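In case you want the letters, here they are:
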Amino acid sequence: NRIFHRFKSIHGKIPFDDDTTLVSIRIVKPIKKIYFISNKKGMSELKQNLIKNLLKLNYPQIDIQKIVAAFDDIIINALEHGNQNDSSKKVKIEWIIDCSQFKLRVTDEGDGFDIKKVADPCNKKRFLNLIKDNKTSVYTHGRGIYLIKKYMDFVQYNKKGNQITVFKKKSPIKCSFIYSEKDLK
């Protein structure tokens, strides 16, 4: 209402039955956060902060679900595989969220790994061999990395293998209109 009155005071002589469009622009600074954790205890609060930040920048629910799922796998991998659940080691979590993309970088203090050596969890032949050898508990190894690659638009590991950087572009907001049959007549 304040914008309308301001517009009217500036353009009082223009009739409002004309094709006038008002545009309201909200400028939002990117949200930058850095956290350090050493165990899973802090994950719940961290995840809530992430969701709150994504909602603040109007990320669609489907993007939030994908980001949170990837986030969980990334943090768990860093704590369990990277730092070997050693609470004296820290995992550094950095994110930048702006109106167009989410960026996350996670670094652990572990020895790293070679991404090329991670088995494909979708390989049916491998799965059948694991069943034959009674090693089905190993089958899920690599599933988190697979999902991270599916949910994020960009995934990169550093050379050492103890740092991952991911991006997810914000999906366009879909507009829809609901009409009744009366409106269409």
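Up top is the structure these notes are about.
Quick caveat: nothing in here was measured; it's all calculated off a predicted structure.

Colleague: Honestly, the overall build of the protein chain in this entry has me stumped. Any pointers?
Modeller: When helices and strands are tallied, the protein chain shows six helices and five strands. Mapped in sequence order, the helices and strands of the protein chain form the string α-β-α-α-β-β-α-α-β-β-α. For the protein chain, buried positions account for 29% of its 185 residues. Restricting to contacts in the protein chain with at least 6 residues of sequence separation, those with at least 24 account for 62%. A total of about 13400 Å² of accessible surface is found on the protein chain, and carbon and sulfur atoms cover 52% of it.

Colleague: How should the pattern of salt bridges be read in this particular structure?
Modeller: Oppositely charged side chains can form a pair if their charged atoms are brought close together. Inspection of the entire model under this criterion finds three salt bridges. One salt bridge in this structure joins Glu80 and Lys40, with 2.6 Å as the shortest N-O distance. With Glu80 in helix 3 (residues 61–82) and Lys40 in the loop between strand 1 (31–37) and helix 2 (43–56), this residue pair connects regions lying 40 residues apart in the sequence. Judged by relative accessible area, Glu80 falls into the partly exposed class, the value being 26%. Among the ionic pairs, Lys47 bridges to Asp72, the shortest N-O distance being 3.1 Å. Residue Lys47 is found in helix 2, and its partner Asp72 is found in helix 3; the two are separated by 25 residues along the sequence.

Colleague: Can you walk me through the pairing of strand 5 (residues 163–169) in this structure?
Modeller: Looking down a regular strand, the side chains alternate between one sheet face and the other. Sheet topology places strand 3 (residues 101–107) next to strand 5; seven bridges connect them, and they run antiparallel. Note on strand 5: the bridge partner recorded for Thr107 is Gln163. By the bridge criterion, four bridges tie strand 4 (residues 154–157) to strand 5 in an arrangement that is antiparallel. Residue Phe154 lies in a different strand from strand 5, and its bridge partner there is Phe167. Between strand 4 and strand 5, which pair antiparallel in sequence order, lie five residues; one of them, Gly161, sits at a positive phi of approximately 90°.

Colleague: Sorry, what's going on with the side chain of Asn53 here?
Modeller: Note that Asn53 resides in helix 2. In this view, Asn53 contacts Ile31, Lys33, Trp95 and Ile97; residues no more than four positions away in its chain are not counted.

Colleague: What is the right way to look at the nonpolar core in this model?
Modeller: Among soluble globular proteins, nonpolar side chains are generally buried collectively. Counting residues in hydrophobic clusters, the biggest one holds 30 residues, and the most contacted among them are Ile93, Trp95, Phe102, Leu104 and Val106. Sequence-distant contacts of Val106, that is, excluding residues within four places in its chain, are made with Ile74, Ile75, Ala78, Val91, Lys92, Ile93, Asn162, Gln163 and Ile164.

Colleague: How should the packing of aromatic side chains be read in this particular structure?
Modeller: Each aromatic ring pair is described using two quantities: the centre-to-centre distance and the angle formed by the ring planes. Overall, the coordinates contain four aromatic pairs when judged by the stated rule. With centroids separated by 6.1 Å and ring planes inclined at 75°, the aromatic side chains of Phe71 and Trp95 adopt a geometry described as edge-to-face. On the criterion of sequence distance, the pair formed by Phe71 in helix 3 and Trp95 in strand 2 (residues 91–97) is long-range, its members being 24 residues apart. Trp95 gets classed as buried once you look at its relative accessible area, which sits at 1%. Residues Phe154 and Phe167 carry aromatic rings whose centres are separated by 5.0 Å and whose planes lie at 25° to one another, so their mutual orientation is stacked. With a gap of 13 residues between them, Phe154 in strand 4 and Phe167 in strand 5 connect regions that are remote in the sequence.

Calculation criteria
Residues numbered from 1 in each chain as written. Predicted model: local features only at pLDDT ≥ 70, side-chain atom pairs only at ≥ 80, totals over all residues. Heavy atoms only, no water. Helix = DSSP H or I, 4+ residues; strand = E, 2+ residues; numbered from the N terminus. Buried < 20%, exposed > 50% of the residue type's maximum accessible area, 1.4 Å probe, protein only. Contact = heavy atoms within 4.5 Å. Areas by Shrake-Rupley, 256 points an atom, 1.4 Å probe, with all protein chains shown as cover. Salt bridge = Lys/Arg side-chain N within 4 Å of Asp/Glu carboxyl O. Pairing = 2+ DSSP bridges. Core = buried A, V, L, I, M, F, W, Y, C linked by side-chain atoms within 4.5 Å. Phe/Tyr/Trp six-rings, centres within 6.5 Å; stacked < 30°, edge-to-face > 60°.

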